[in-house]
Structure formats: structure tokens, C-alpha cells
Amino acid sequence: MRRYLAILGAVLLVATACSQQPPTGGQEPTTAGAPVAAADKPVAGGRIVEGAISDIKTLQPVISTDTASSGAWSSFYTSLLRSNPDTGDLEPGLAEKFELSKDGLTVTYTLRSGLVWSDGQPFTGEDYKYTAEAVARSPKTVRKSTLQDVVGWKDYVDGKADEVKGIQVKESGRVIEISLTKAFCPALRNLSGAGAGGILPKHHFVKVWNNKTTDTKTNIDDNPLNIAPPASIGPFVFKEWKPGVQVTMTRNDKYYRGAPLLDEYIIKVYADQVAVKAALLTGEISYGGVQPADVEEVKTAGSEILNFHRFPGVSSYVFISWNGKATKAPWLGDKRVRQALTYGLDVSSIVKNVLLGYGVQVYAHTPKASWAYPDESKLTKYAFDQKKAKELLEQAGAKMGPDGVYRWTNGQPMQMRIETNQGNKVRETILQIAQEQYKAIGVKIDPLLESFPALLDRSVPQNLDHEGVILGWSLGLEPDMYSIWHSGQSGKDQFNWVHYSNPEVDKAIEAGRNGPDCSTPARKAAYNTVNQHLNADVPYTFLYTGDSLVFFNKAVRGIEPKPYSTASAWNIEKWWLKR
Amino acid sequence: MGRFVARRLLQAIPTMFGIMLVSFILLRVSPADPVKLMVPSDTEITEADKDRLRAAFGLDKPLPVQFIDFTVQAATLDFGKSFYYHRPARDMIFERIPNSIQPVVLGLLVGVFLGIPLGFIAALNRGRRTDHGIRVTSVVLNATPDFFLGLLFVLFLAIQFKWFPIGSMNVVGVDCTLCWDRAWHLVGPVLLYANAGIAFYPRLIRTEVLEVLGQDFVRTARAKGLRERVVMSGHVLRNALIPVVTNFGGILTIVFAGNVIVERVFNWPGLGRLFFDSLIQKDYPIIQASLVMGAGLLLISYILRDITYALIDPRIKVR
């Protein structure tokens with residue numbers, strides 16, 4: 001099937017090659033400074049259609065695991081806070097005030113007054129508490145760990161209590177106070193969605209599951225409301241779901257940020273990126289994302305009806321991980337070798353030629369757009385330098401063999417695998433480039449392509465039989481990196497599969513996560529330390545963060561692209577249709 | 001006849017069991033367990049919570065027990081709930097069957113009603129220009145992969161000329177089955193399904209007809225003064241159609257299989273896509289339900305085929 005898709009893409013490329021122009025590199029203005037067509041006066045009414053490339057599975061946050069589903073339910077159920085579209089910082093949403101106590105043990109959210117669900121019922125802290133308790137009792141959620149440090153959490157999970165003691169709703173529902181068993185700096189953001197990411201209307205859901213129970217066998221995992229959201233606190237109200245086809249929503253006149261101008265918002269499901277591209281070009285959808293390789297083609301073919309917006313990626317990056325405990329490549333445990341491998345790969349040319357400029361090179365873990373991004377001047381840039389790479393290998397004790405491949409200190413030729421998931425064209429190309437460029441510095445690479453599940457099975461700490469792996473992280477806006485870089489996260493199936501272990505990094509990660517000082521400057525300093533170590537130790541060769549590339553139909557107005565508005569349309573209530 | 005059907009049904013049980021066992025094992029030995037695939041990459045989740053998830057999906061039980069569960073499910077046609085959709089797999093399959101069937105059946109009809117006459121015409125015009133034209137066309141169509149034809153259709157007739165939609169069952173905002181909008185959307189998928197018939201039947205029928213035309217009984221029929229039309233319909237066509245019936249052997253399964261490519265190219269929300277996506281995500285309930293229903297239909301259609309043989313070919317007797 002993957003091969004078929006590849007051919008499909010190739011055919012499209014061939015068929016449109018005559019109209020293609022050479023890629024422009026990175027000269028596209030980013031959206032932050034893009035002019036906004038605001039000359040016309042907004043009018044109400046109309047419908048927009050978004051193209052999604054994966055089926056929507058459920059409309060209930062507690063049991064949802066995929067981005068297509070969250071893209072749909074986030075129009076109805078939201079978290080208490082928002083991310084500032086310009087800076088990514090937390091800002092008031094449903095909660096007008098939010099505070100983490102100095103000791104990091106108490107989180108307080110104060111709701112706006114007069115909040116109502118789309119059916120007119122008041123939105124209160126009880127809705128929040130209900131949602132958190134639904135997470136606690138859900139056997140099918142993947143998000144329980146988010147709330148595990150809340151006082152009384154385990155008792156409620158195990159059915160020893162009929163409420164989570166640590167979540168107190170005060171002042172007739174306006175104030176939510178959450179007590180934690182230990183200081184947790186990411187708490188303000190991580191707890192703002194009650195563990196689920198979106199808060200459910202208790203007055204409806206309580207009819208299918210009462211949270212005041214100690215019976216752990218009951219939960220909200222399977223009930224009709226999961227596919228028919230009964231009320232909305234977001235910009236749109238659920239209207240209809242046709243499985244495999246689309247979700248239709250209508251304007252929520254009671255939306256606290258103001259009723260949307262649009263009457264209807266539809267998320268339509270497409271089989272793949274090729275179909276979304278076609279739907280953009282025929283005007284069937286109002287907006288949708290494309291791959292870097294398709295941008296020029298869509299721009300040219302759709303110049304009359306489409307506007308291009310390029311959003312810098314804020315929370316993901318692609319890397320080559322180097323397994324520090326690889327049995328077949330003992331040299332990967334030596335930091336100089338990993339540095340050599342980083343010098344020996346021309347990452348800036350990968351960004352320019354493989355990503356066609358739609359991305360930025362990264363030098364450490366925290367994405368560039370994050371508030372926790374380290375002082376870049378203190379980071380080594382590892383500019384492509386094959387001579388330096390060879391010097392480092394020799395410093396580490398490698399000796400050149402007669403066949404042009406270095407021999408490690410134990411006499412073993414420096415030959416190893418780099419693997420990635422088949423079907424991801426960008427990563428496959430990076431693998432080819434790495435193979436060629438590492439050959440030039442005397443390291444022989446055996447490329448290995450596998451299915452994504454097979455790759456997930458192999459890149460785990462308990463498997464020492466892997467060397468280099470090209471993969472990507474998709475992270476939230478919260479900079480906590482405990483699960484990836486803490487030395488304690490090398491257990492079975494955990495994420496530190498490179499076995500990175502650095503006591504100073506552990507200490508800084510713990511400080512950034514558990515305080516005691518949870519203030520932004522203190523955390524920024526902690527993550528600065530972590531990133532500098534990661535930059536010097538290169539447990540990964542950090543590659544790039546890709547941009548998110550979106551085309552909008554020219555009829556859609558009022559869009560204000562901002563650096564942090566990729567995931568959700570932050571001002572969708574102001575969007576309107578020019579007719 | 002009744003005994004024949006009963007015997008064939010009994011024979012189908014071990015076959016079915018074999019299919020289930022093999023597919024069950026293949027599904028479990030392929031890499032990565034469903035829970036691992038399900039957890040998004042930035043999610044911190046404890047091992048205990050993962051175990052809880054596995055238990056919720058019944059994946060914590062030993063494999064033999066899981067297989068016994070599966071056979072019980074197959075017997076009761078209740079395959080449990082999808083890991084991702086949290087809805088009964090059977091319902092999800094049933095709600096998509098009507099979507100899949102429409103283009104498949106229409107495509108089949110178009111293929112048969114175009115393909116068979118074309119083969120007949122080619123045979124009757126053997127060696128003439130018409131014959132060459134039909135043969136070359138069917139060979140070329142047969143050699144062209146479906147997805148490529150579909151892509152050309154989308155690229156030129158939909159994107160370039162905008163005569164047809166690029167895919168989907170209806171225009172956004174329209175929801176109807178018996179209407180011009182649906183008919184308009186069906187053209188592409190139906191042609192693609194019909195292509196198999198248009199490409200294949202002419203060659204098959206042509207060969208068969210030519211063979212039958214040379215048979216003694218055709219000469220006898222003509223010799224006893226039967227009208228040409230009667231000879232053709234009553235003797236030639238009836239005999240030439242037998243291989244077509246063989247070819248229809250797995251007919252019921254096309255509801256289940258062979259859909260993925262057409263449904264992807266035309267963004268058709270049918271069973272093929274559901275099955276394909278479920279395979280990628282390792283959504284066992286849907287995969288297992290599809291396999292059992294697909295295999296069941298295959299076995300039933302083989303039985304139907306054998307009965308049909310008897311109906312059109314008097315030499316074959318059902319015992």
C-alpha cells in the first residue's frame with residue numbers, strides 16, 4: 001500500500017511537472033508578518049470546510065487519542081486556559097485567573113463569571129471535577145498519569161473514596177482549588193484540561209455515569225454522548241456526525257468570546273494528503289494542510305483561489321538518536337563519536353533541499369518557539385565539517401582501516417545501522433544522505449527501513465540491538481522533558497531508549513518539573529542547563545523542526561495567522577466568508 | 001440440492017476455523033501491540049496504566065484464551081468494541097456496507113453489460129477491425145493499474161475540467177442516496193470498478209464464443225434450421241457464459257475486498273478504507289470482524305457458484 005501511495009505521488013508529480021517552478025528555499029515570509037486582508041467589512045453567515053486526513057474516531061476527550069478527534073471535539077469542549085497566539089504563554093480562557101502557589105503544591109483557577117454552556121446551563125467547577133473523575137475511572141483513557149499527583153487521586157481511582165479530595169470547588173463553583181502531593185511546575189497548563197484536555201458538561205454526562213460512586217466498574221467510556229456531544233462551551237455546537245465522512249457543527253451563540261460569524265463549520269475527512277490537495281484546488285474545502293513537496297504545485301495551480309500560510313512549527317522536531325548502549329556499536333557511548341556524527345551530517349542542506357526550506361534547524365531539545373528555548377549563542381551549531389568529524393573520531397581512538405572505514409579501539413570496523421519508518425519520504429531521503437556523508441568520514445551505514453510499528457518496537461530501552469534511529473517527537477507547549485531525558489526513564493518501553501544519563505541534566509529536569517521554585521525564570525534557567533548539556537553530549541543528532549503549511553481559500557477572511565495558532569484557529573469566531 | 005448445501009456448509013466450518021486461526025496468529029505476531037501504537041508520543045503514561053488499557057481491551061489474557069474469545073465472537077457475530085472508536089465493530093461494518101455496495105454493484109453491472117457484448121461482437125467479427133479494436137482496448141485497460149486510471153480521472157476530469165467531483169459520496173451539505181448528486185459522484189468509482197469487467201470479459205467471451213461456434217452442436221442447431229438469434233442466445237451464449245460464472249466465484253467478497261484502492265482514490269467512505277486504517281492501527285475488533293464476515297461471504301459465494309453452475313450447465317449435476 002505504501003508503495004502504491006508513493007507511486008500515486010510520483011504520478012501526480014510527473015503529471016504536473018510542466019507547471020512546477022523550482023523551489024524557492026526559505027524566502028517565504030512567515031505568517032507573523034503576513035498582511036491580512038481586512039479591507040472588507042465582515043459579514044455573518046456561511047459555512048467553512050476544513051480538510052482532515054484521518055478519520056474522526058470519537059467526540060469525547062477522555063477516551064480520545066488522536067489529533068483528528070481532538071481537532072473536532074476541541075470546538076465543543078475546551079480547557080480552562082488558552083495559549084497566547086503570539087507567545088505561546090498561558091493566558092485566561094474559561095478561567096480568568098490562575099495561580100500556582102509558591103510551594104508549587106496548590107493550583108487555583110478562578111472562572112469568568114456568567115459562563116454558560118450552549119444549552120444555557122451554567123459552567124462551573126463541578127464540570128471540571130466531574131471530568132477529572134471521569135478520567136480517574138476510565139479504563140480506556142491514556143491520560144491518567146496527568147493527574148496522579150493530585151491529593152486523593154489513587155483512593156478515588158481504586159474506589160476507596162467517592163470523590164477526589166484534592167479537587168475542591170468553592171465560591172458556588174467559580175473557584176477550583178487543586179492540592180498536589182508534590183510540587184509540579186507544569187501543573188497550571190497540564191491540569192487546565194482536567195486531565196482530558198477538554199471539560200465535559202456534567203449535567204448531561206451525569207445521567208450516564210454518576211461520579212459520586214465507589215463502584216470502579218462504571219465509567220463514561222461507552223455511551224451515546226461520546227459520539228453526540230450534548231452541549232458546548234467552545235465556539236461551535238455539535239450538529240451531526242457521519243462516520244468516515246464529516247462532522248458538522250453550528251455557531252454557538254453563547255460562546256464567551258462572542259458568537260462566531262460563521263453559521264457552520266465542517267471537518268471533512270479525506271483518505272490522504274493527495275485527496276486534500278485536490279479538494280483545495282477544486283475549492284471543495286476552505287482550508288487544509290499540505291506537504292513541503294506539494295507547496296509549489298498547489299501555489300501555482302491554485303493561485304486564483306488559494307492563499308498560502310506558513311506557520312513555524314512550535315512543538316515538534318526530527319532527530320537521529322544514537323543508542324549509547326548499543327551492543328553492536330560500542331563507540332556510540334563516546335560523546336566525541338556522536339559529535340563527529342553530528343559534524344559529519346549537513347543538516348542545513350537537509351533543511352534547504354529535503355524540506356525545501358520549510359523548517360528550521362535545531363540544536364537541542366526545546367523547540368525554538370518555546371519560552372524555554374535556550375540562549376542560542378551558547379549552543380554549538382555543528383556546522384558541516386568532515387575534517388573536524390574525522391579528527392574527533394581519531395581523538396576518540398578510532399584508526400583508519402585499509403578500506404576507508406575507521407576501526408574502533410577494539411578493532412571492530414565502524415559499521416552500524418540507521419533505521420527509519422518506510423513510507424516517510426523525507427526521513428528516507430535523510431537516511432540516504434546520512435549514508436553517503438558518513439561514508440566520507442569513514443563510518444559505514446547500513447540503512448534499514450521498517451514499518452512504523454516495527455520501528456516503535458525496536459526503539460525501546462530494553463532493546464540494545466539498535467544504533468541510529470530517525471524519528472520525530474511531537475511535544476506540547478509545556479517544556480518539561482522528564483520522560484525523554486531523565487536517566488530514570490530507561491525502563492521497559494520508556495522513551496529514553498538512548499540510555500542518556502547525566503546527573504546534572506537529571507537535577508535540572510527535576511528542578512524544572514518539581515521546583516521548589518516554579519517561577520518562569522527559574523525554570524528557564526533549568527531548561528537552559530539541560531539544553532546546553534544535550535547540545536554538547538549529542539545523544540541525538542538534532543535535525544529540524546518542520547513548518548506547518550496551510551492553504552486557505554481566498555474567500556475565508558478574518559484569519560490572523562500567528563506563530564502559535566497552528567493547531568487551532570485561535571480567533572475562529574472572527575472568521576467570515578467573503579461572498 | 002438441500003443435502004448438497006448442507007454438506008457444503010458443514011465443510012465450510014473447518015475452512016473458516018483455519019482462516020480465523022491463521023489471521024489471528026498473523027495479527028498477534030506482527031510488531032507493536034495496539035496499546036503502544038495508541039499512546040501519542042508526548043504522553044507520559046505509567047506501565048500500570050498501560051496494563052490497565054490492555055486489560056480493558058482484553059489483551060492481557062493468554063493468546064489461546066483470546067482466540068477462544070474470538071471464536072465465540074465469530075459464532076455470535078459480536079466482535080466487541082473498536083479500540084479507537086469505542087463502538088461495536090459489527091455496527092461500524094454494517095453502517096459502511098451500503099456505502100461500499102453501491103459503486104461495486106453498479107460497476108459490476110456496467111462491466112458485465114459492456115464487457116460481454118463486446119466479447120460477443122469481437123468474436124462475431126473475428127479478424128476484422130472491430131475485433132482488433134476491442135482486443136487492443138481490453139488488453140491496454142487490463143494492463144493499466146486501477147489507481148492510475150482513477151488518478152487520471154481525478155486529475156483531468158475532476159480537477160482540470162471540473163466535469164466530475166474529485167471524490168466523496170455527496171457534495172458537502174447534501175445528503176441523499178437516490179439523487180443526481182450521488183449519481184454524479186458515482187461515475188468515477190463505478191467506471192473504475194467496471195474497468196475490470198470491460199478489460200477482462202471481452203477477451204474471455206471472445207475465446208469462449210469462438211470455441212463454442214466451432215462445436216458440433218452449433219452446426220447441428222444451424223443445420224436443423226434454427227434461426228441465427230436462437231442459435232446465438234440459446235446455444236452459443238449459454239455455453240460461453242460458464243467461465244464467467246467461475247469468474248464470479250468470489251463475487252460477494254468484493255463488498256469487502258478490492259475496495260481499498262478505489263475508495264482511497266475517490267475518498268469513498270467504505271469498508272475498504274475502514275479495514276485498511278484498522279490494520280494500520282491494529283484495531284483488532286474491526287479487523288477480526290471484517291475477516292470473519294469476508295471469509296464467510298467468500299465461502300457462501302462459492303456454494304452459490306456451484307449451484308449456479310448446475311442451473312446454466314445441464315451437464316453438471318448437484319448431488
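Only a predicted model underlies this, so the values are computations on that prediction, with no experimental measurement involved. Just so you know, the residues in each chain are numbered from 1, in the order the chain's sequence is written. Chain A is the first chain written and ligand 1 is the first ligand written, with later ones labelled in order. Side-chain atom pairs in this predicted model are given and counted only at pLDDT of 80 or more, local residue features only at pLDDT of at least 70, and totals for whole chains, interfaces and linings cover all residues. Note that water and hydrogens are dropped before the side-chain values are worked out from all heavy atoms of the structure.

Colleague: Before we move on, can you summarise the overall build of chain A with the specific residues and values?
Modeller: Along chain A, the regular secondary structure elements total 16 helices and 23 strands. The globule rule used here is 2.2 Å times the number of residues to the 0.38 power, and the radius of gyration it is set against is calculated over C-alpha atoms. Taking 579 residues into account, the globule formula puts the C-alpha radius of gyration at 25 Å, and chain A, at 25 Å, falls close to it. A principal-axis box enclosing the C-alpha atoms of chain A has dimensions of 80 × 60 × 40 Å. For the exposure calls, accessible area comes from a 1.4 Å probe over protein chains only, and a residue counts as buried if that area is under 20% of its type's maximum, exposed if over 50%, partly exposed in between. Counting across all 579 residues of chain A, residues that qualify as buried make up 57%. Contacts are assigned to residue pairs with any non-hydrogen atoms lying within 4.5 Å of each other. Within chain A, counting contacts between residues at least 6 apart in sequence, those at least 24 apart form 70% of the total. Here the open area of atoms and residues is found with the Shrake-Rupley method and a 1.4 Å probe, where only the protein chains shown may cover a residue. Carbon together with sulfur atoms contributes 52% to the accessible area of chain A, which is approximately 22100 Å² in total. A residue counts as positive if it is Lys or Arg and as negative if it is Asp or Glu; His and the chain ends are not included. One atom stands in for each charge, and that atom is NZ of Lys, CZ of Arg, CG of Asp or CD of Glu. For chain A, the distance from the average site of its 65 positive side-chain charges to the average site of its 62 negative ones is 1 Å. Every helix listed is a DSSP run of H or I at least four residues long, and every strand listed is a run of E at least two residues long, numbered separately from the N terminus.

Colleague: Give me the lowdown on the pattern of salt bridges, citing residues and values where you can.
Modeller: It is possible for side chains of opposite charge to pair when their charged atoms get near one another. Residue and element names in this part refer to chain A. Note on definitions: salt bridges are taken to be side-chain nitrogens of Lys or Arg within 4 Å of carboxyl oxygens of Asp or Glu. In total, this model carries 50 salt bridges over all chains according to the counting rule given. Between E91 and R82 there is a salt bridge, and its shortest N-O distance comes to 3.9 Å. When salt bridges that share partners are traced, they join K328, R417, D465 and E467 into one network.

Colleague: Please give an account of the domain arrangement of chain B that cites residues and values.
Modeller: Residues and elements named next belong to chain B. For every domain, the bounds stem from an assignment made automatically or drawn from a database. Partitioning chain B into domains gives domain 1 (15-75) and domain 2 (98-312). By buried area we mean how much accessible surface two parts lose on assembly, using a 1.4 Å probe and totalling the loss over both. Taken over both partners, the interface formed by domain 1 and domain 2 buries close to 1200 Å², and the fraction arising from carbon and sulfur atoms is 75%. Our count for the domain 1 to domain 2 interface comes out at 0 salt bridges. Throughout this description, a polar contact denotes any pair of N or O atoms lying within 3.5 Å of each other; where both atoms belong to protein, one of them has to be capable of donating a hydrogen while the other can accept it, and for residues adjacent in sequence the pair is counted only when both atoms sit in side chains. If you look at where domain 1 meets domain 2, you find 5 residue pairs in polar contact (both at pLDDT 80 or more).

Colleague: Please set out the pairing of strand β21 (residues 548-553) of chain A residue by residue, giving values where relevant.
Modeller: Residues and elements named next belong to chain A. β21 sits mainly inside the fold: 5 of its 6 residues count as buried. Here a strand pair is declared whenever DSSP counts at least two bridges between the two strands. Alignment of strand β11 (residues 287-290) against β21, held across 4 bridges, turns out to be antiparallel. Within β21, the residue paired with G288 across the bridge is F551. Relative to β21, strand β12 (residues 306-311) runs antiparallel, the two sharing 6 bridges. Bridge assignment links F311 to a residue of β21, and that residue is S548.

Colleague: Can you tell me about the sheet that holds strand β6 (residues 167-170) of chain A, naming the residues and giving the values?
Modeller: All names here are of chain A. If you trace the 4 strands from one edge of the open sheet to the other, you get β4-β5-β7-β6, paired in antiparallel fashion. A single partner strand is all that each edge strand has here, and the edge strands are β4 (95-100) and β6. Sheet twist, expressed as the mean angle between neighbouring strand axes with direction ignored, is 15°. Where strand β5 (residues 106-111) meets strand β7 (residues 175-179), 5 bridges bridge the pair, whose relative direction is antiparallel. Its bridge partner being in β7, T108 is matched across the sheet by E177. Here the axes come from fitting lines to C-alpha atoms, over the contacting stretch only for helices, and the angles between their N-to-C directions go from 0 to 180 degrees.

Colleague: Account for the packing of helix α9 (residues 216-223) of chain B against helix α10 (residues 228-240) of chain B, with residues named and values stated.
Modeller: Residue and element names in this part refer to chain B. At their nearest, the axes of α9 and α10 sit 10 Å apart, and the two run at 165° to each other. Here α10 runs roughly antiparallel to α9, going by the angle between their axes. The way α9 lies across α10 gives a crossing that is right-handed. Note on element contacts: α10 touches α9 through E228, V231, M232, H235, V236 and N239, opposite F217, V218, A221 and R222. Note on angle classes: values under 35 degrees are labelled roughly parallel, values over 145 roughly antiparallel, values of 65 to 115 roughly perpendicular, and the remainder oblique. Note on convention: the crossing is left-handed when the near helix lies turned anticlockwise from the far helix by less than a right angle, right-handed when the turn is clockwise.

Colleague: Before we move on, can you summarise the nonpolar core with the specific residues and values?
Modeller: Soluble globular proteins tend to pack their nonpolar side chains together in the buried interior. Residues and elements named next belong to chain A. Grouped together as the largest cluster of nonpolar side chains are 71 residues, with contacts concentrated most on L80, Y109, Y128 and I178. The biggest single contributor to this core is helix α3 (residues 125-137), with 6 residues. In terms of domain composition, this core takes at least three residues from each of domain 1 (1-76 + 234-311 + 549-579) and domain 2 (77-219). Sequence-distant contacts of Y128, that is, excluding residues within four places in its chain, are made with L80, Y109, I167, I176, I178, L191, S192, A194 and I199. Side-chain atoms within 4.5 Å are what join buried Ala, Val, Leu, Ile, Met, Phe, Trp, Tyr and Cys residues into a set we call a nonpolar core. Counting residues in each nonpolar core, the second largest holds 40 residues, with L345, A389, A398 and Y438 among its members.

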